[in-house]
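The residues making up each chain are set out below.
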Amino acid sequence: MPTLSATDVLTQLNWRYATKRFDATRTIPAEQWAALEQALVLAPSSFGLQPWKFLVVTTPALRQQLRAQSWGQTQVTEASHYLVLTGLRTTTADDVDRYLQRQSEVQGVPIEKLSGYRKVVVDFVQKGWAAGDLAGWNARQVYIALGQFMTAAAMLGIDTCPMEGIDKDAYDRTLGLDGSRYATLCACAAGFRAAEDKHATAPKVRFPLDQVIERR
Ligand SMILES: Cc1cc2nc3c(=O)[nH]c(=O)nc-3n(C[C@H](O)[C@H](O)[C@H](O)COP(=O)(O)O)c2cc1C
């Protein structure tokens, strides 16, 4: 199995930055965008429940509207692609069953054989440490998908800007999520940096490794 070298990985992670200005004339090639969508599909989640929906917003008028609901940030309309990441507002036994049904299909396991596992997961969701804040638990899974999306993009030489500077309630209204099971959590613009974006060359502001990583 070929792997990227440590140098290649670090080069791309250093190359990545939260892009402020995108080149509006450049579009991510279809094959690369398809890989980024797969990076979302392949993201890991607790128990594998995948408590998310990712909205790829292509309609220009919608993107204009969302920009106004994002502190006017230009990334929303200038980037090649704009992704809104949403998470389940809660998790129910039906959500667990939907996942187990899929596992049964994909892995060819009779659903009855999964009943013991079902009890573990449903008990966790209903009575475990996350039960008091399932929306928060789900949101953390969605942010893992965001990280995977951005890292995959960096490996492909595609720029991103993760965005929490957005009015999530307004997004919900604009995207028709009000009253649905999913709520907006964050967004991510993806495309190619504009030549004039001076943030691209600013040194990264990070605490030294020995302050961030402790060894026991
Ligand atoms: C969850 C999240 C939300 C963010 N929201 C915004 C945003 O709305 N607008 C923006 O320009 N940058 C946003 N950023 C980018 C951060 O400011 C940036 O990642 C951080 O300053 C480190 O810089 P770097 O990513 O360029 O290395 C966000 C980052 C994360 C992880």
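Worth saying up front: this structure is predicted, and the values here are computed from it rather than measured. (Residues numbered from 1 in each chain as written. Predicted model: local features only at pLDDT ≥ 70, side-chain atom pairs only at ≥ 80, totals over all residues. Heavy atoms only, no water.)

Visitor: Provide a residue-level description of the packing of aromatic side chains, including the pertinent values.
Guide: In this structure the tally under the stated criterion is seven aromatic pairs. Between the aromatic rings of Phe47 and Tyr117, the centroid separation amounts to 6.4 Å while the plane-to-plane angle is 65°, which identifies the pairing as edge-to-face. With Phe47 in the loop between helix H2 (30-41) and strand S1 (52-56) and Tyr117 in helix H6 (residues 115-127), the pair connects residues that are 70 residues apart, well separated along the chain. Judged by relative accessible area, Phe47 falls into the partly exposed class, the value being 25%. Judged by its relative accessible area of 33%, Tyr117 falls in the partly exposed class. Aromatic side chains Phe47 and Trp137 sit 6.4 Å apart centroid to centroid with 70° between the ring planes, which places their arrangement in the edge-to-face category. Taken together, the residues Phe47 in the loop between H2 and S1 and Trp137 in helix H7 (residues 134-155) connect sequence positions 90 residues apart. The exposure class assigned to Trp137 is buried, which follows from its relative accessible area of 4%. Joined through ring pairs, the aromatic side chains of Phe47, Tyr117, Phe124, Trp129 and Trp137 make up one cluster. We note Arg26 situated over the ring of Phe192; from NZ or CZ to the ring centre the distance is 3.9 Å. (Phe/Tyr/Trp six-rings, centres within 6.5 Å; stacked < 30°, edge-to-face > 60°. Helix = DSSP H or I, 4+ residues; strand = E, 2+ residues; numbered from the N terminus. Buried < 20%, exposed > 50% of the residue type's maximum accessible area, 1.4 Å probe, protein only. Lys NZ or Arg CZ within 6 Å of the ring centre and 35° of its normal.)

Visitor: So what's going on with the side chain of Gln141? Residues and values would help.
Guide: In this fold, Gln141 is placed in helix H7. Take Gln141: its relative accessible area is 7%, and that puts it in the buried class. Only 2.8 Å separates the side chain of Gln141 from the backbone nitrogen of Ser46, close enough to count as a polar contact. In contact with Gln141, other than residues within four places in its own chain, are Ser45, Ser46, Pro51 and Trp52. (Polar contact = N/O pair within 3.5 Å; in protein donor to acceptor, adjacent residues only side chain to side chain. Contact = heavy atoms within 4.5 Å.)

Visitor: Could you give an account of the site of the ligand, with specific residues and numbers?
Guide: The immediate surroundings of the ligand are formed by 14 residues, with Ala18, Lys20, Gln73, Lys204 and Arg206 found nearest. In the environment of the ligand, an oxygen atom lies 3.5 Å from a nitrogen or oxygen atom belonging to the side chain of Gln75. In the model, a nitrogen atom of the ligand is placed 3.2 Å from a nitrogen or oxygen of the Pro162 main chain. Contact with the protein chains removes 64% of the 620 Å² of surface that the ligand exposes when unbound. Element by element, the count of residues in the shell around the ligand is highest for strand S3 (residues 159-163), at three residues. (Near = heavy atom within 4 Å. Areas by Shrake-Rupley, 256 points an atom, 1.4 Å probe, with all protein chains shown as cover.)

Visitor: Explain the environment of Trp33 to me, and be specific about the residues and the numbers.
Guide: Structurally, the position occupied by Trp33 is in helix H2. As a C-alpha pair, Trp33 and Ala153 span 120 residues in sequence and 8.9 Å in three-dimensional space. Those residues in contact with Trp33 that sit more than four places away from it in its chain are Ile28, Val56, His81, Phe149 and Ala190. Of the polar contacts made by the side chain of Trp33, one reaches the side chain of Glu37; its length is 2.5 Å.

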